[in-house]
Structure formats: C-alpha cells, structure tokens
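One letter stands for each residue in the lines below.
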Amino acid sequence: MQPSSLEHSPLGRKSTGSDHYDPALLFPIARTDTRAGLDLPQAPYGSDIWNAYELSWLNAKGRPVVAMGRFTFPAGSPNLIESKSFKLYLNSFNDERFDYPEIVQQRLQTDLSRASGKPVHVEILSVRPAFELSCAPLRGTCIDDQDIEFISAGTPTPDTLALSRPAPFVRETLVSELMKSNCPVTGQPDWASLQIQYAGPRIDHAGLLRYIVSLRHHGEFHELCVEKIYGEIMARCAPEELLVYARYTRRGGLDINPWRANFQPKDIGQTRTLRQ
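This report concerns the structure included in the present document. (Residues numbered from 1 in each chain as written. Predicted model: local features only at pLDDT ≥ 70, side-chain atom pairs only at ≥ 80, totals over all residues. Heavy atoms only, no water.)

### Some words on the packing of helix α2 (residues 83–91) against helix α3 (residues 101–116)
Any two packed helices are characterised by how steeply their axes cross, that is the angle between the axes, and by the distance between the axes.
Next, step 1: The contact between α2 and α3 brings their axes to 12 Å, and the two run at 150 degrees. Judged by the inter-axis angle, α2 sits roughly antiparallel to α3. The two elements α2 and α3 meet at a crossing, and its hand is right-handed. The segment α2 lies against α3, with Phe86, Tyr89 and Leu90 engaging Arg107, Leu108, Asp111 and Leu112.
Next, step 2: By residue class, the composition of the contact of α2 with α3 is five nonpolar, no polar and two charged. (Axes fitted to C-alpha atoms, helices over the stretch in contact; angles between N-to-C directions. Helix = DSSP H or I, 4+ residues; strand = E, 2+ residues; numbered from the N terminus. Parallel < 35°, antiparallel > 145°, perpendicular 65-115°, else oblique. Left-handed = near helix turned anticlockwise from the far one by under 90°. Contact = heavy atoms within 4.5 Å. Nonpolar A, V, L, I, M, F, W, Y, C, P; charged D, E, K, R; others polar.)

If you want it as structure tokens, here you go:
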C-alpha cells in the first residue's frame, strides 16, 4: 500500500466508510513527508501506541463481539496511518463475521503492517478485565505549578530550553499535564499528558514548561509533536539519556501515545491517564 498526499485523506471530509471489511480504507502517510521540516536530532528508539476503545465484529453465529485493541507501530516504519482512516477501517469490521478472534487479530496485523511498511504488534483485549483497569497520572515530578510568567508567542519557543545554573548531573522524570497542540488539517485541539525521562546536566524546569506551553497553538500530528520535543531538548541540552512520552486523549474512540528515546527503555507504561 503506497502512501498518499495528506490533501487526499478523509481527515476533515465527510466520509461514509464501508458496510463490509475493507483494508483499502487505511490511508498511509509517508513519515519522510511529515518530517520534512524537522531539522532536529531524531530518536533511534520509539513507537506509536494506539488504543482502540470501539472494536467490534460478529462471531460465526452473528452475535456482536466487543473488544479493545492496542496497536504498536514502530517509529521507524516508513508510513504512519491517518487517524480518521484508521477509525473507518476499524468500523468496517462491525458487521463482518469471523469464526475466531485470532482471525480478526491476524487481519489487523496483516493490514496495518502492510500499510505502515513494518510489522505492527496487535493485541485484542477483552473489555471485561479492561474495564477494571485503574487510571493513574504519569509517573514523575509535575512541573506545572511553577509561579512564572508566560508570554503568548503563538509559535513554539525552543529558545526557552536551557540548562539550569548551576547544572549538576541529574536523573529525573518530569511530567506536565499542560500539553496541547492542534490537528494540522482540522485545527481541532489535541490534549496530552507529557512525560520526560532525563539524565544529564539539569534542564531548567521553568524554561521547559514555557516551551511546552508554547506548543499550545502548534499544528502538527501527535507523533511529530513528540519528535519535535525530543529533538529540541536533545539539540539544546544534550542529555546523556532522553525519553519523551505523550499520552493523548482519545478522539473518535482512538488515542495515540507516541514515545521517542535515545536508549531502549525496559518498559513503557500502558496505564491510562484520568483524561483517557
């Protein structure tokens, strides 16, 4: 499946989808196109974790089955998937009969891997134990309550990123609930909780918070916002270790949770935040 220009995507357009299973609904977008203006260090590790809360199909006797899906796309895959097309694709399963859940999982894995250009890890989760999962904030020290002045620039201000003075070596995990950006096509707001794991000369927390808030009117996809934050911190503060992880609130029954790092983390938490 070849990537297409974003101007032809279903995003921002009236779309009817399909009454039957249809992998052609998936709309891949080349990551090289989205990264064209991102002249910053890129992370060697990362993935985009999608959670689908509205996954359904029919069993062999026609009874509806409902489930949750988790899809992990490698950040190094050639293509990302446009979110509305992903929603339409998942909806195409709604009235299709499958003898076993494993067949649904295999279809999802095959179609998404083909569209993205690299193997995608697919999990189908039962909604009964899933409903029992607790929500919790991202682990780390929240930096949001600093009593500092903010100047609305309308565009990102990476120049506020700097080392503290003095700048001793630290290993810390920082969290902000103030992350907001906008869809580059529709202009609709995208809200997220942001976690930054950092090892190196101490970053100035006030400057970091000002930078996060400066993204408030920035129009970019979730994945590219995380890559931008990672690249700007790496370029200006040069930490030995850096991981940037965003848990975005859902839209259309989907949430997207990208992370980027210069090391392979032992574990990426899957706990939903209160807003998810």
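More follows now that the structure is in view.
### Some words on the layout of surface pockets
Next, step 1: Volume-wise, the largest pocket comes out at about 400 Å³.
Next, step 2: Lining the largest pocket we find 26 residues, and of these Ser83, Asp190, His222, Arg251 and Ile256 sit closest to its centre.
Next, step 3: Sorting the residues of the lining of the largest pocket by element identifies β4 (79–81), α2, β8 (189–201), α6 (222–237) and β10 (254–261) as the ones contributing at least two each.
Next, step 4: In terms of residue class, the lining of the largest pocket is made up of eleven nonpolar, six polar and nine charged.
Next, step 5: Volume-wise, the second largest pocket comes out at about 240 Å³. (1 Å grid on protein atoms, 1.4 Å probe; cavity = no way out; pocket = protein on both sides within 12 Å on 5 of 7 lines; lining within 4 Å. Points joined across faces, edges and corners; volume = space filled by probe spheres on them.)

### Concerning α6
In an α-helix there are 3.6 residues to a turn, and that puts residues three or four apart on one side.
Next, step 1: Across its 16 residues, α6 extends 23 Å between first and last C-alpha, which sits within 8% of the 22 Å expected from 1.5 Å per residue.
Next, step 2: Taken from the residues just after α6, Ala238 is the one with a positive phi, measuring 45 degrees. (Expected span 1.5 Å × (residues − 1).)

### Here we look at the pattern of salt bridges
Next, step 1: Enumeration over the complete set of coordinates arrives at eleven salt bridges.
Next, step 2: Residues Glu227 and Arg35 are paired through a salt bridge, measuring 2.7 Å at the closest nitrogen-oxygen approach. One end of the pair, Glu227, is in helix α6; the other, Arg35, is in the loop between α1 (31–34) and β2 (45–58), and 192 residues separate them in sequence.
Next, step 3: You can call Arg35 buried: its relative accessible area is 17%. (Salt bridge = Lys/Arg side-chain N within 4 Å of Asp/Glu carboxyl O. Buried < 20%, exposed > 50% of the residue type's maximum accessible area, 1.4 Å probe, protein only.)

### Re the sheet that holds strand β7 (residues 169–182)
Next, step 1: Read across the open sheet, the eight strands follow the order β5-β3-β2-β10-β9-β8-β7-β6; overall the sheet is mixed. The open sheet has two edge strands with one neighbour each: β5 (121–126) and β6 (141–142).
Next, step 2: Across the sheet, helix α5 (residues 205–214) is in contact with β7 and β8; its angle to β7 comes to roughly 20 degrees. (Pairing = 2+ DSSP bridges.)

### Brief notes about the environment of Arg97
Next, step 1: Residue position: Arg97 is located in the loop between α2 and α3.
Next, step 2: Distance in space between the C-alpha atoms of Arg97 and Ile143 is 49 Å, their sequence separation being 46 residues.
Next, step 3: Among all residues touching Arg97, those that are not within four sequence positions of it are Leu58, Asn59, Ala60, Lys61 and Gly62.

### Focus: the pairing of β7
Regular strands have side chains that alternate between both faces of the sheet.
Next, step 1: With respect to burial, β7 is a largely interior element, ten of its 14 residues being buried.
Next, step 2: Of the pairings in the sheet, the one linking β6 to β7 comprises two bridges and is parallel in character. Bridged to Cys142 within β7 is Val175.
Next, step 3: Bridging between β7 and β8 involves twelve bridges; their strand directions are antiparallel. Note on β8: the bridge partner recorded for Thr173 is Gln197.
Next, step 4: Hairpin geometry of β7 and β8 is characterised by an intervening segment of six residues between the two adjacent antiparallel strands and by a positive phi of about 80 degrees at Gly187.

### Focus: the side chain of Arg247
Next, step 1: With respect to the element layout, Arg247 can be found in strand β9 (residues 241–248).
Next, step 2: For the buried Arg247, which has no salt bridge, the nearest side chain bearing the opposite charge is Asp255, at an N-O separation of 4.9 Å.
Next, step 3: In this structure the side chain of Arg247 is engaged in a polar contact, spanning 3.3 Å, whose partner is the side chain of Asn257.
Next, step 4: A distance of 3.1 Å separates the side chain of Arg247 from the side chain of Gln276, its partner in a polar contact.
Next, step 5: With residues near it in sequence (within four places) discarded, Arg247 still touches Asn51, Leu138, Trp191, Ala192, Ser193, Asn257, Gly269, Gln270, Thr271, Arg272, Thr273 and Gln276. (Lys, Arg positive; Asp, Glu negative; His and termini not counted. Polar contact = N/O pair within 3.5 Å; in protein donor to acceptor, adjacent residues only side chain to side chain.)

### Examining the state of the cysteines
Next, step 1: A complete count under the given rule lists zero disulfides for this structure.
Next, step 2: Looking at Cys142, it has no disulfide partner, and the nearest cysteine sulfur is the one in Cys135, 17 Å off.
Next, step 3: Sulfur of Cys237: no disulfide; nearest cysteine sulfur belongs to Cys225 and is 19 Å away. (Disulfide = S-S within 2.5 Å.)

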